[in-house]
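# Fold and geometry: a report
Chain residues, written in single-letter form:
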Amino acid sequence: YNYLYFADEDFKKIFKIKPDDESVQLHLGDISAKQGLLADAKGYFLAVAAKRKTRGDKAGVDEIIVRLGSLDPSDFDARALAAQTLEQNGDTAAAAQNFRKAVEVQPNFVAAINDLLFLHLRAKKPDLAMAELDRLAEVLIAPMGRERTGVQSIGSHRHRLPRHGA
């Protein structure tokens, strides 16, 4: 742990000399995250993202968005944004993993379940989409006070759903 303190101090000295050096800011963000100083880490990462956005570096901004999504496990919005970014960049497996982690943070958040459901549909994984549809039904029906035994699973009606291209 002491090495983090000294590394942090060294990088801060370098940062004073080279305030525009992204690699220094990224190192400071990583060190702050390891020290549990998440607000500081976010600040460094967001500063790098702003510089990258200014120069039109979309891939660089996306990298920071994904990094921010993994920084704080309880930050639902950051995880969901990282998942959306990963999906837009074609990494559906990593996007699904991030959406699942976002749903773990807020298990009854309908929009997150919905995002995961549609991700599976776009990835042509109907079984996974049906599982999310079941979860969505549970979340929406539970507040109505209905017993699970009184409500059939949406997934149990799969044989009645029209098949794609049929």
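About the criteria used
Residues numbered from 1 in each chain as written. Predicted model: local features only at pLDDT ≥ 70, side-chain atom pairs only at ≥ 80, totals over all residues. Heavy atoms only, no water. Helix = DSSP H or I, 4+ residues; strand = E, 2+ residues; numbered from the N terminus. Buried < 20%, exposed > 50% of the residue type's maximum accessible area, 1.4 Å probe, protein only. Contact = heavy atoms within 4.5 Å. Areas by Shrake-Rupley, 256 points an atom, 1.4 Å probe, with all protein chains shown as cover. Expected span 1.5 Å × (residues − 1). pLDDT = per-residue confidence, 0-100. Axes fitted to C-alpha atoms, helices over the stretch in contact; angles between N-to-C directions. Parallel < 35°, antiparallel > 145°, perpendicular 65-115°, else oblique. Left-handed = near helix turned anticlockwise from the far one by under 90°. Nonpolar A, V, L, I, M, F, W, Y, C, P; charged D, E, K, R; others polar. Core = buried A, V, L, I, M, F, W, Y, C linked by side-chain atoms within 4.5 Å. Polar contact = N/O pair within 3.5 Å; in protein donor to acceptor, adjacent residues only side chain to side chain.

Looking only at helices and strands, the protein features 8 helices and 0 strands. Listed N to C, the secondary structure of the protein is α-α-α-α-α-α-α-α in terms of helices and strands. Taking all 166 residues of the protein together, the buried fraction comes to 37%. In the protein, the proportion of contacts linking residues at least 24 apart, taken out of those at least 6 apart, comes to 37%. Accessible area of the protein: about 10400 Å², with a carbon and sulfur share of 57%.

With that out of the way, let us pick up unusual backbone geometry. The phi torsion at Lys 124 lies on the positive side, around 60 degrees, for a residue other than glycine. You can call Lys 124 exposed: its relative accessible area is 71%.

Taking 1.5 Å of rise per residue, the 14 residues of helix H6 (residues 92-105) would be expected to cover 20 Å, and the 20 Å separating its terminal C-alpha atoms lies within 8% of that figure. The complete set of buried residues in H6 reads Ala 94, Ala 95, Ala 96, Asn 98, Phe 99, Ala 102 and Val 103. Where H6 is buried, its residues touch helix H5 (76-88), helix H7 (110-122) and helix H8 (126-141).

So, on to helix H2 (residues 22-34). An α-helical turn contains 3.6 residues, so a residue and the one three or four places further along point in the same direction. If you check H2, its first and last C-alpha atoms are 18 Å apart, about what 13 residues at 1.5 Å a residue would give, namely 18 Å. Residues of H2 that are buried include every one of Glu 22, Val 24, Gln 25, Leu 26, Leu 28, Gly 29, Ile 31 and Ser 32, and no others. Looking at the residues trailing H2, positive phi occurs at Gly 36, about 85 degrees.

Before going further, it helps to spend a moment on the confidence of the model for the protein. Reading fine detail from the predicted coordinates is not recommended where pLDDT is low. On average, the protein scores 79 in pLDDT, and the residues at 70 or more come to 74%. By mean pLDDT, the top-scoring element of the protein is helix H4 (residues 58-71) (93), and the lowest-scoring one is helix H1 (residues 2-17) (59). Ignoring residues within four places in sequence, the model shows residues 157-162, a span with pLDDT below 50, making 6 contacts including any to other chains.

Turning to the packing of helix H3 (residues 38-54) against H4, a few remarks are in order. Between two packed helices, the angle of one axis relative to the other and the distance separating the axes together describe the packing. One way to put it is that H3 packs onto H4 with a least axis distance of 8 Å and a crossing angle of 165 degrees. Taken together, the axis directions place H3 and H4 in an arrangement best described as roughly antiparallel. Classified by chirality, the crossing of H4 by H3 is left-handed. Within the contact between the two elements, H3 uses Leu 38, Ala 41, Lys 42, Phe 45, Leu 46, Val 48, Ala 49, Arg 52 and Lys 53 and H4 uses Gly 60, Val 61, Glu 63, Ile 64, Arg 67, Leu 68 and Leu 71. Residues of the contact of H3 with H4, tallied by class, amount to 10 nonpolar, 1 polar and 5 charged.

Residues Phe 76, Ala 80, Ala 102, Val 103, Ala 112, Ile 113, Leu 117, Leu 136 and Val 139 constitute the largest nonpolar core, which totals 9 residues. Counting only elements with at least two residues in this core, the list comes to H5, H6, H7 and H8. No other element matches the 3 residues that H7 contributes to this core. Residues within four places of Leu 136 in sequence aside, it is in contact with Val 110, Ile 113, Asn 114 and Leu 117.

To continue, consider the environment of Asp 57. Looking at where Asp 57 falls in the secondary structure, it is placed in the loop between H3 and H4. On the basis of relative accessible area, Asp 57 is assigned to the partly exposed category, the value being 24%. Looking at Asp 57, its side chain comes within polar contact range of the main-chain nitrogen of Gly 60, at 2.8 Å.

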